[in-house]
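Tertiary structure, described
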Amino acid sequence: MTSVEWKTDRVLFGGDYNPEQWSKDVWREDVRLMRETGVNLVIVGIFSWAWLEPRPGAREFDWLDELLDLLHENGIGVSLATPTASPPPWMGDRWPQTLPCYEDGIRLGNTSRNHYCMSSPVYREFAARIVTDLAERYGAHPALRFWHINNEYGTTCFCTECGNRFRIWLQDKYGSLEALNKAWGTAFWSQRYDAWTEINPPRQAVYHSNPTQLLDYKRFCSDALLDCFRTERDIIRRCSDLPVTTNFQDWERRVDGWRWGAEMDVVGIDLYPDPGDPNGLVEAALYGAMVMDLTRSEGSGKPWLLMEQAPSAPGWAPVASPKAPGLFRLWSYQALARGSDSLLQFQWRTSVQGTEKFHIGMIPHAGTETRVHREMRELGRELKELDGVVGTPVHTEVAILHSWDSWWAAESDEVPSERLKVMDQIHAWYRPLWQRSVTVDFAPPGRDLTRYKMVLAPNLYLVSDDEARLLTEYVAAGGTLVVGPFSGVVDPDDRIRPGGYPGCWRELLGVWGEEFWPLREHQSVACESKEFGNFTGRIWAEWLTADGAEVMASIHGGPLDGRPAVTRNRYGSGTAWYVSTCPEPDALALILRTASAEAGVEPVLPDLPFEVEAVRRGDKIFLLDHGNRTVTIREA
C-alpha cells in the first residue's frame, strides 16, 4: 500500500471536540478560547453518527458544515473522524444482528459504544454509505488536515455471521480441509473436520477448546477489523489526498499492531498512564514510554501521533486520580521526546452528562480560571516556540521483539503456567533499559534487525522457521541476542518443535532443555553467579543443560541444583544469551547491562538518577525528571 505523505511543521495541539453536546453560542466561545490556548487542531465527529444520520438514510450535515467553516475561519485545523465506532440506536433496534455476541451466544445491547459486529453486512453497508457521503462532502474542505477512522478498534464477536466469515478466512489461509486439520492437530480429541460448515467460532465449550483454533480466531478478528478499516480508508482515498489514521488504545491486545501499522499513513495512540499508580509516578512514566516506543515502532519509520491523553483525571478509572501540577506537561514532553508529532487530548470541553462526564478535559467543569486550563494555555505557548522537533527521528540502538501471534498463543489455557505473562516479561526487561536512558524500538521477529546492536526476546514462545533463521543470521553476523524463558518453543500452528527446548534456537543458544519447571507463587530458585552475584529466580525455571554455551549463573539447591539459569554462547561473530528464569529486578538489570556493554550500546547520557529519563530526538536531548527530589545533571 502506498502511504500518503504526512506533512506538518509544528506540533499539533488540541484534542477531541464534541460540539453536538453544546449549543452554537458555546461553539463560538470555544473557538475564541482555542485560539487563546494555542489549539491548532481538533478531532471532530468520532461519536456523531446519530446526529449525521438520525434515521436510516437521512442526512443532517448542516451543523457540520457550519462547524468546519467556523474552525477554518479561525485558523484551527480539523481531523474529521468517521463515526462508525458508535452506530445509532436505530441500527441495533431494527437489525439486532449488527450487535456483537459473546462466546456464550449472548447478544450485547446498543446502549454503549463499539457495539457492532465487524462481520455484519448491514453494519458494513451503513458504515460505507456514511463514510462515502462524508468523504464526498468534505474531502476537499480547507479545514481538514487528516482523517481519523473509527475509534479504538478492538470489538470482537462470535455470532453466526462471524462464523461464516471465519470459514472464508480459513479457506483463504489453508486452501483445503486437509491442510487445516494438519495445522490444527485435529487428530487430538477426535476433532477432525470433514466439511467447512462443521467449523464454528470457538464458542463456550464443555472443556478447553483447540488452542490453534483459538489462535486463528484471534488472527481472524484482528484481520476482520482491519478489513473494516481498509474499506473506510479506501473510500476516503477516492475523495481526498489527506493522510488517514486510527487510534490504538494503550497496548491493545486484540489487534495485531504490525499488520495495522503497515496500512496507515500515520500511527495513532490513546495513552492513559495512571497518575495514581500505586507503584508510583516513575512506574507510570515507564509504562507510558513503553507504549510510545511500541507505537513509534508500529509505523516502521512513519510518523506517530498521541491522539488522546487526559489533561487531568481520567474519569473511567476505578479511582480517578488527578494529575498533579506539572505532570501533564511532563508526560506531554515525554511523548514529544519519543517521536510524537502531536499532543491531543480527550477532550476540549468536559462533558456534563454521559459515561465520561468526570473525564476532565482541557476546560474542566469549573471553567477557564482553573489550574488545569492554565496548564493547557502555558503548554500551548511553549509549543509555539518549539522548533525543529516535528518529523525528526528518535535515536535507538536496541530492539525488543514482540509478536501478537506469540502473545496470543503463549497465554492460552494449555501452557505450563498461567503466571508467566508476556507483558510482564516485556515490562521487566524494558525497565532497566529505560532507567539507564537506553531508548528502544519494538520489532516483529521477521524484520531486518541488522541496524541494532542488541536485540531482546523476553518471551517469544511462537516463532516461524524463517524468523528463527533471520535471528540466527543476525547473531552470526555480529549481533547480540538475549532470549528469555519459554521462547522458540512452537511454530505458527502452535506445534511443539520436538527434540528439546528452546526448539529452533538450541544450536544458537548452545543449550538443551528437557523439562519446563514452572514455579508456584511461594516457590523460587536460588541462583549463583560470579558475574552477577547471587540472586533469586521466580515464576519459571527449566531443566537445562549447557551444550556449548558458557554458564553465567546456575541454580543452587533443590531438584534443579547445578542447572544453568543464565548462559552466553558465542555464535559466528556474535553472542546469544539465554535467561531461563525470571531474575529479580536488580539481577536482570545487571545481566542486560553486561550484555549491552559487550554489544557497545550506550545510554543517551550516562549515570543519570534512575527517575531521570533522557531521550535523543533529532539534534535535541530531552531530559525528563519523574522524581520528587532535586537532582543536578552536569554536561559531559
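Residues numbered from 1 in each chain as written. Predicted model: local features only at pLDDT ≥ 70, side-chain atom pairs only at ≥ 80, totals over all residues. Heavy atoms only, no water.

Description of the side chain of T212
Along the chain, the position of T212 falls in helix α8 (residues 211-237). The exposure class of T212 is buried, given its relative accessible area of 4%. Discounting chain neighbours no more than four positions away, the residues touching T212 are A183, W184, D493 and D494. (Helix = DSSP H or I, 4+ residues; strand = E, 2+ residues; numbered from the N terminus. Buried < 20%, exposed > 50% of the residue type's maximum accessible area, 1.4 Å probe, protein only. Contact = heavy atoms within 4.5 Å.)

Thoughts on the nonpolar core
In this structure, L64, M118, W251, F442 and V566 are the most contacted members of the largest nonpolar core, which totals 169 residues. At eleven residues, α8 tops the list of elements feeding residues into this core. Of all hydrophobic cores here, the second largest spans 24 residues; its members include Y474, W505, L509 and A549. (Core = buried A, V, L, I, M, F, W, Y, C linked by side-chain atoms within 4.5 Å.)

Brief notes about the sheet that holds strand β20 (residues 574-579)
Taken in spatial order, the ten strands line up as β11-β10-β12-β13-β20-β19-β18-β15-β16-β21 in an open sheet, and their pairing is mixed. What marks the edges here is a single partner per strand, and that holds for β11 (440-443) and β21 (582-583). When strand β12 (residues 454-457) meets strand β13 (residues 480-483), the two strands line up parallel, connected through four bridges. By the bridge assignment for β13, M454 is matched with T480. (Pairing = 2+ DSSP bridges.)

A look at a nonpolar patch on the surface
On the surface, F188, W189, V206 and Y207 cluster together into a nonpolar patch covering about 560 Å² of accessible area. Structurally, V206 can be placed in the loop between α7 (177-184) and α8. (Patch = residues over 30% accessible without salt bridge, like charges linked within 9 Å, V, L, I, M, F, W, Y side chains within 5 Å. Areas by Shrake-Rupley, 256 points an atom, 1.4 Å probe, with all protein chains shown as cover. Salt bridge = Lys/Arg side-chain N within 4 Å of Asp/Glu carboxyl O.)

Some thoughts on the side chain of D265
Within the secondary structure layout, D265 lies in the loop between α9 (257-261) and β7 (267-270). Within polar-contact distance, the side chain of D265 engages the backbone nitrogen of V244 at 2.7 Å. (Polar contact = N/O pair within 3.5 Å; in protein donor to acceptor, adjacent residues only side chain to side chain.)

Focus on the layout of surface pockets
Put simply, the largest pocket is a space of about 890 Å³. Residue contributions to the lining of the largest pocket peak at three residues, all from helix α2 (residues 49-52). Partitioned by chemical class, the residues of the lining of the largest pocket number ten nonpolar, twelve polar and three charged. (1 Å grid on protein atoms, 1.4 Å probe; cavity = no way out; pocket = protein on both sides within 12 Å on 5 of 7 lines; lining within 4 Å. Points joined across faces, edges and corners; volume = space filled by probe spheres on them. Nonpolar A, V, L, I, M, F, W, Y, C, P; charged D, E, K, R; others polar.)

Comments concerning the pairing of strand β2 (residues 41-44)
Here β2 shows two buried faces, one formed by L41 and I43 and the other by V42 and V44. Sheet topology note: the strand β1 (residues 12-17)/β2 ladder contains four bridges and is parallel. Across the sheet, residue D16 finds its bridge partner in β2, namely I43. Alignment of β2 against strand β3 (residues 77-81), held across four bridges, turns out to be parallel. What sits directly across from L41, in β3, is G77.

Side note on helix α15 (residues 465-476)
Counting along an α-helix, one turn takes 3.6 residues, and residues three or four places apart therefore face a common direction. Helix length check: α15 (twelve residues) gives 16 Å between terminal C-alpha atoms against 16 Å at 1.5 Å per residue, within 8%. All of the buried residues in α15 are A468, L471, T472, Y474 and V475. Each buried residue of α15 lies within a common arc of 155 degrees when the element is viewed along its axis, so the set occupies one face. In the core, the buried residues of α15 are packed alongside β10 (398-401), β12, β13, α16 (506-509), β19 (564-571) and β20. Phi turns positive, to about 120 degrees, at G478, one or two residues after α15. (Expected span 1.5 Å × (residues − 1). Arc of directions from axis to C-beta.)

A few points about the packing of aromatic side chains
For the structure on display, the rule yields 33 aromatic pairs. A ring pair is formed by F486 and F516, whose centres lie 5.2 Å apart and whose planes are at 85 degrees; its orientation type is edge-to-face. On the criterion of sequence distance, the pair formed by F486 in the loop between β13 and α16 and F516 in strand β14 (residues 511-516) is long-range, its members being 30 residues apart. We classify F486 as buried; its relative accessible area is 4%. For F516, a relative accessible area of 15% corresponds to the buried category. Grouping aromatic residues by their ring pairs yields a cluster made of F158, F166, W169, W184, Y193, Y217 and F220. Over the ring of F126 we find R129, and its NZ or CZ is 5.4 Å from the ring centre. (Phe/Tyr/Trp six-rings, centres within 6.5 Å; stacked < 30°, edge-to-face > 60°. Lys NZ or Arg CZ within 6 Å of the ring centre and 35° of its normal.)

Digging into the environment of T368
Secondary-structure assignment places T368 in the loop between β9 (340-345) and α12 (371-384). Taking the relative accessible area as the measure of exposure, T368 reaches 22% and is therefore partly exposed. With 179 residues separating them in the primary sequence, T368 and D547 have C-alpha atoms 68 Å apart.

With respect to α7
The complete set of buried residues in α7 reads L177, L180, N181, A183 and W184. Buried residues of α7, seen end-on, are gathered within an arc of 165 degrees and therefore sit on one face of the element. For α7, the exposed residues lying more than 90 degrees away from the buried face are E178 and K182. Contact partners of the buried residues in α7: α6 (160-174) and α8. Of the residues flanking the end of α7, it is G185, one or two places downstream, whose phi is positive at about 60 degrees.

Points about the packing of helix α14 (residues 422-435) against helix α17 (residues 585-599)
Two elements in contact, α14 and α17, have axes separated by 9 Å at closest approach and are oriented at 65 degrees. Crossing of α14 over α17 shows right-handed handedness. Counting all contacts with α14, which are made through A428, W429 and P432, the residues of α17 involved are L588, A589 and L592. Within the contact of α14 with α17, the residues separate by chemical class into six nonpolar, no polar and no charged. (Axes fitted to C-alpha atoms, helices over the stretch in contact; angles between N-to-C directions. Left-handed = near helix turned anticlockwise from the far one by under 90°.)

Details of the sheet that holds β9
Spatially, the nine strands line up as an open sheet ordered β5-β4-β3-β2-β1-β9-β8-β7-β6, and their pairing is parallel. Of all the strands in the sheet, just β5 (244-245) and β6 (247-249) have a single pairing partner and so form its edges. The pairing of strand β8 (residues 304-308) with β9 spans two bridges and is classified as parallel. Bridged to W304 within β9 is S340. On top of the sheet, helix α5 (residues 121-138) reaches β3 and β4 (144-148); it is set at about 170 degrees to β4, its chief contact.

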